[in-house]
Amino acid sequence: MSAARACLVVLALSAVAAAAAEPPRGKKPVVEFVPTPQDVVEKMLAAAKVTKADVVADLGCGDGRIVVTAARVYGCKAVGYDLDRECVKRSRAAVEKAGVGKLVRIEEADILEVDLSGVTVVTLFVGTTLNAKLLPQLEKMKAGSRVVSHVFPIPGVTPDKVLKVTSAEDDVERTVYLYTLPLMKEKAGKQ
Ligand SMILES: C[S@@+](CC[C@H](N)C(=O)[O-])C[C@H]1O[C@@H](n2cnc3c(N)ncnc32)[C@H](O)[C@@H]1O
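An account of the accompanying structure is given in this report. Quantities reported herein were computed from a predicted structural model and do not represent experimental measurements.

**Some details on the sheet that holds strand E2 (residues 77-82)**
- One open sheet holds the 7 strands; their spatial order is E3-E2-E1-E4-E5-E8-E7, and the pairing between them is mixed. The open sheet has two free edges, formed respectively by strand E3 (104-108) and strand E7 (161-166), since each of these has just one partner strand. In this sheet, adjacent strand axes meet at a mean angle of 20° when their direction is disregarded.
- Both E7 and strand E8 (residues 173-180) contribute to a ladder of 6 bridges, which runs antiparallel. Bridge pairing in E8 links Lys 161 to Leu 178.

Now the structure itself:
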């Protein structure tokens, strides 16, 4: 990979992290759309051991690639949430193009307000600030449910697995964090 391309990827990932630290602006997403490379999406879903019986939710679904892949590869139900209208439009178009409309729905919604009690696999790529804010909702998922987060950990929660995934799209190594419910919270005061 060229140095320029590596630089662009690092800048894109930093944009997710930096934007996540900004104060909320009402109902506008504070984290911009940066796609997870398709081969990383596939590895995330494989790491979560998705099956046909799962309900996958991508919190901040961008162009819909994660929910479309979950339905296409595993035949499971999936729901994508995004606040950005353009992302909602793109995701709905991707669902239609892939012919998975019977399995996947896309909702324009603030991920901090969605009910995850019927969801068994959550995928995340929204930064540590939002990951931390999502914790009360994530904890409501039933035992055995999985949370898989691209690049950013959930602060204060110990992952079951930390994977290093290099995408063939850009040759950049990314970290993927896998958590299983009930979440293992680190003790307060732990460094
Ligand atoms: C870095 S992108 C990840 C897109 C996709 N999940 C992926 O991995 O390819 C983050 C997405 O989260 C959305 N987002 C950020 N904050 C949100 C919020 N509070 N509610 C709903 N969507 C949000 C953004 O619009 C953006 O599409």
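The structure having been displayed, the exposition proceeds.
**So, unusual backbone geometry**
- In this chain, Leu 181 is followed by Pro 182 through a cis amide linkage whose omega measures -5°.
- The backbone of Lys 49 shows a phi angle near 50°, a positive value even though the residue is not glycine.
- Turning to its location among the elements, Lys 49 is positioned in the loop between helix H2 (38-47) and strand E1 (55-59).
- The backbone of Val 151 shows a phi angle near 75°, a positive value even though the residue is not glycine.
- Overall, Val 151 belongs to the partly exposed group, with 19 C-beta atoms counted inside 10 Å.

**A closer look at helix H5 (residues 128-138)**
- Taken together, the buried positions of H5 are Leu 130, Asn 131, Leu 134 and Leu 138. Projected down its long axis, H5 shows its buried positions confined to an angular sector of 95°, all on one face.

**Section: the site of the ligand**
- Around the ligand there are 25 residues in total, and Pro 29, Thr 36, Gly 60, Gly 62 and Asp 84 lie nearest to it.
- Counting residues per element, the ones that place at least two in the shell around the ligand are helix H3 (65-74) and E2.
- Considering only residue class, the shell around the ligand consists of 16 nonpolar, 4 polar and 5 charged.

**Notes on helix H4 (residues 85-98)**
- With 14 residues, H4 should reach 20 Å at 1.5 Å per residue; the first-to-last C-alpha distance of 20 Å fits that figure.
- When we look at burial in H4, the residues that qualify are Cys 87, Val 88, Ser 91, Ala 94 and Val 95. Buried positions in H4, seen along its axis, are confined to an arc of 125° and lie on one side of it. Structural note: H4 exposes Arg 85, Glu 86 and Lys 97 on the side pointing more than 90 degrees away from its buried face.
- Contact partners of the buried residues in H4: H3, E2 and E3.
- Following H4 by one or two positions, Gly 99 adopts a phi angle in the positive range, close to 65°.

**Brief notes about the nonpolar core**
- One finds Val 67, Ala 70, Ala 71, Ala 78, Val 104 and Val 122 to be the most contacted residues of the largest nonpolar core, which totals 47 residues.
- At 6 residues, H3 tops the list of elements feeding residues into this core.
- When sequence neighbours within four positions are dropped, the list of residues in contact with Val 104 reads Val 67, Val 68, Ala 71, Ala 78 and Val 95.

**A few points about the packing of H2 against H3**
- Packing of H2 against H3 leaves a shortest axis separation of 10 Å and a crossing angle of 60°. With respect to each other, H2 and H3 are oriented oblique. Along this stretch, H2 crosses H3, giving a crossing that reads as right-handed. Of the residues in H3, those in contact with Gln 38, Val 41, Glu 42 and Leu 45 of H2 are Arg 65, Ile 66, Thr 69, Ala 70, Val 73 and Tyr 74.

**Some details on the pairing of E8**
- Bridge count for strand E5 (residues 146-150) against E8 is 5 bridges, and the pairing is antiparallel. Bridge pairing in E8 places His 150 opposite Val 176.
- Between E7 and E8, which pair antiparallel one after the other, the connecting turn spans 6 residues, and Asp 171 there sits at a positive phi close to 65°.

The rules behind each value
- Residues numbered from 1 in each chain as written.
- Predicted model: local features only at pLDDT ≥ 70, side-chain atom pairs only at ≥ 80, totals over all residues.
- Pairing = 2+ DSSP bridges.
- Helix = DSSP H or I, 4+ residues; strand = E, 2+ residues; numbered from the N terminus.
- Axes fitted to C-alpha atoms, helices over the stretch in contact; angles between N-to-C directions.
- Buried ≥ 20, exposed ≤ 12 C-beta atoms within 10 Å, placed from the backbone.
- Arc of directions from axis to C-beta.
- Near = placed C-beta within 6 Å.
- Nonpolar A, V, L, I, M, F, W, Y, C, P; charged D, E, K, R; others polar.
- Expected span 1.5 Å × (residues − 1).
- Contact = placed C-beta atoms within 7 Å.
- Core = buried A, V, L, I, M, F, W, Y, C linked by C-beta atoms within 7 Å.
- Parallel < 35°, antiparallel > 145°, perpendicular 65-115°, else oblique.
- Left-handed = near helix turned anticlockwise from the far one by under 90°.

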